[in-house]
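The residues making up each chain are set out below.
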Amino acid sequence: MSINIAVLGTASDVGKSLCATALCRIFHDMGLNVAPFKAQNMSNNSFVSLDQGELARAQAVQAHAACIEPSVHMNPILLKPLNNTTSQIIVHGKVLENKSARDYFVDTKFFKEKAFSSLDYLNSHFDMVILEGAGSCAEINLRACDFTNFEAAHHANAHVILVADIDRGGVFAQVCGTLDLLGKKDLSRVKGIIINRFRGDIELFKDGVDFIEKKTNLPVLGVIPFFSDIHIDSEDGLPLDAVVDPQKALEKKLINIAVLLLPHISNFTDFFPLNISQLSCLHFLRKPRNLSGYDLLLIPGSKNVRSDLNWLHHSGWSAEILRFRKKGGSIGGICGGYQMLGEKIHDPNAIESSAGETLGLSLLPIETTLDKNKQLHRIEGECLNTRQIIQGYEIHHGITKKTKKCHSFIKIISQNSIVINREDGAMSDDNKVWGCYVHGLFDLPHFRFSFLQSLTNKKINWSEITSQPNQSSERDNYHKLAHHFRSHLDMRKLKNIAGISS
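The following paragraphs examine the structure supplied in this document. (Residues numbered from 1 in each chain as written. Predicted model: local features only at pLDDT ≥ 70, side-chain atom pairs only at ≥ 80, totals over all residues. Heavy atoms only, no water.)

### Quick word on helix H6 (residues 171–181)
Then step 1. Here H6 has its buried residues at Val-171, Gln-174, Val-175, Cys-176, Thr-178 and Leu-179.
Then step 2. The secondary structure elements touched by the buried residues of H6 are strand E10 (159–165), helix H7 (184–187), strand E11 (190–198) and helix H8 (206–216). (Buried < 20%, exposed > 50% of the residue type's maximum accessible area, 1.4 Å probe, protein only. Helix = DSSP H or I, 4+ residues; strand = E, 2+ residues; numbered from the N terminus. Contact = heavy atoms within 4.5 Å.)

Set out below in structure tokens:
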């Protein structure tokens, strides 16, 4: 039987995903074959497995930290919000249906069975499974239908570690209040507490640790300091240091990049690699503004592309985008953003909202029709503009066709490990406007640097740039994350909980 540890939280966004990622690497470094698991995730940031299934990007990140390939079994139920009340439901990597939250929670037995079959699969193939919970583990109004927190822990016979975020304030109430709301069966599973995102001198919180341990009769496994120099993709929210709608003037010495913060934005992690210290500055923009001074505008993916396109038109963003283009600005779109750059988007089958069509920005000669079948591909190719190799993945319902002859943006040479030769995407004659379906486009350093170089006339000293902290490789960031947690966790207590001898 494998070892199971469940990382549950006192609330949403307390750092459960990051803690689970760190534990995946820590136990991997001990020689264990570790897999992550989250029974149900709600996120529009997703990834494609090698067998063409869709899972939350957070579990893909955790799998990479554990040095294994992501699998849909690591996130068997994925809910992708289409609006405030309805989500697309993905089971074992494939779209099942669209459903309102009210209808979904009427009976979750089917989804629970599917999720636990995946948990059993992971337990039969790995030495250890790190389970991650969702939101607060003490939402008593949802307890009867919640299978992601304690129900998953009970099924796996997992030891529970409770995570609280001290940066929010009220950490004592978080911890003690959560534990006080738990029933005896759930409470018996909790074996330790992690206090996350501490700022300041940890020694000054020693009496706080003593109070929590005395009050709860549970060990505090560690107080984890806040950090900003380790770059791990967030689960479904912008990083705490993300710059949104900045008021100060742009820095002329930097490459300034703007990303539209669409109401239904998806896979915004595509753009984090472009935020390079001493070279570029990445801003997320929600409120319409004059784009003068920006070197590049990026339109991201969307889980409700026609709704977000209407938002561009009605908010005033469309006029600003067209003005920026007229003045020679560079504009790129990925997935839904690529579709918006075209002439029309058709949704005859009401895939994302009501059936109909919406006029696009008409900056590329393309039209898109949303199809019932979702395209899920891992791809390798070449950017036809920079002639650099790219890697990434496609997740879209759109079938996009050119309305007249124009340049392609990429050439796909491998799709799902099968060699092909297909041009894709579109690019304007002056190379200033482009779009494609490839998520993760900027992940490879050589393409990223050549792309950024194309946006500026200044000479860039790449030897200095590549040494910047946020240009560390993905592997280095996972190593740094594990080291940071190991340095502040009581590893003896953690090993005791896991049943691992020193």
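Back to the write-up after that little detour.
### What to know about the environment of Asn-385
Then step 1. Assignment of secondary structure puts Asn-385 in the loop between strand E22 (366–383) and strand E23 (389–402).
Then step 2. Each C-alpha atom of the pair Asn-385 and Cys-24 lies 38 Å from the other, and the pair is 361 residues apart in sequence.
Then step 3. Residues within four places of Asn-385 in sequence aside, it is in contact with Phe-409, Met-427 and Asn-431.

### Regarding the sheet that holds strand E27 (residues 433–436)
Then step 1. As summarised here, the arrangement of the 7 strands in space is E13-E16-E14-E17-E19-E27-E26, forming an open sheet in which the pairing is mixed. Unpaired on one side and paired on the other, strand E13 (243–244) and strand E26 (426–427) mark the two borders of the sheet.
Then step 2. Strand direction decides the pairing type here: strand E17 (residues 296–299) and strand E19 (residues 330–334), joined by 4 bridges, are parallel. Directly across from Leu-297, in E19, lies its bridge partner Ile-331. (Pairing = 2+ DSSP bridges.)

### Overview of the layout of surface pockets
Then step 1. Put simply, the second largest pocket is a space of about 320 Å³.
Then step 2. In terms of lining, the second largest pocket is formed by 18 residues, of which the most central are Asp-295, Gly-328, Ser-330, Lys-432 and Leu-455.
Then step 3. Looking at side-chain class alone, the lining of the second largest pocket contains 7 nonpolar, 7 polar and 4 charged residues. (1 Å grid on protein atoms, 1.4 Å probe; cavity = no way out; pocket = protein on both sides within 12 Å on 5 of 7 lines; lining within 4 Å. Points joined across faces, edges and corners; volume = space filled by probe spheres on them. Nonpolar A, V, L, I, M, F, W, Y, C, P; charged D, E, K, R; others polar.)

### Things to note about the pairing of strand E14 (residues 255–260)
Then step 1. Burial analysis of E14 places 6 of its 6 residues in the buried class, the great majority of the element.
Then step 2. Judged by which residues are buried, E14 turns out to be covered on both faces: Ile-255, Ile-257 and Val-259 on one side and Asn-256, Ala-258 and Leu-260 on the other are all buried.
Then step 3. In terms of strand pairing, E14 meets strand E16 (residues 280–285) through 6 bridges, oriented parallel. Pairing of Ile-255 across the sheet is with Ser-280, part of E16.
Then step 4. The pairing of E14 with E17 spans 3 bridges and is classified as parallel. Within the sheet, the bridge partner assigned to Val-259 lies in E17 and is Leu-298.

### A short note on the packing of helix H1 (residues 16–29) against helix H2 (residues 57–65)
Two quantities define a packed helix pair, namely the angle between the helix axes and the distance between the axes.
Then step 1. Closest axis-to-axis distance for the H1/H2 pair is 8 Å, and the angle between their directions is 25°. Here H1 lies roughly parallel to H2, going by the angle between them. Read as a crossing pair, H1 and H2 show a hand that is right-handed. Each of Ser-17, Ala-20, Thr-21, Cys-24 and Arg-25 in H1 lies in contact with H2, whose residues at this interface are Ala-58, Val-61, Gln-62, His-64 and Ala-65. (Axes fitted to C-alpha atoms, helices over the stretch in contact; angles between N-to-C directions. Parallel < 35°, antiparallel > 145°, perpendicular 65-115°, else oblique. Left-handed = near helix turned anticlockwise from the far one by under 90°.)

### Here we look at the side chain of His-264
Then step 1. You can see His-264 is positioned in the loop between E14 and strand E15 (265–266).
Then step 2. If we skip the residues at most four places from it in the chain, His-264 touches Asn-44, Leu-82, Asn-83, Gly-301, Ser-302, Lys-303, Asn-304, Ser-307 and Asp-308.

### Thoughts on empty space enclosed by the protein
Then step 1. For the coordinates displayed, the defined rule picks out 2 cavities of 30 Å³ or more.
Then step 2. Here the largest cavity defines a volume of roughly 170 Å³.
Then step 3. In terms of lining residues, the largest cavity is bounded by 18 residues, among which Ser-302, Cys-335, Glu-352, Ile-395 and His-396 are the most central.
Then step 4. Elements with a minimum of two residues in the lining of the largest cavity: helix H11 (336–340), E22 and E23.
Then step 5. Counting residues per element, the lining of the largest cavity draws most heavily on E23, which supplies 4 residues.
Then step 6. Residues belonging to the lining of the largest cavity are distributed by class as follows: 4 nonpolar, 10 polar and 4 charged.
Then step 7. In this structure, the second largest cavity spans a volume of roughly 40 Å³.
Then step 8. Looking at the second largest cavity, the residues that line it are Asn-290, Leu-291, Ser-292, Glu-320, Arg-323, Phe-324 and Lys-327.

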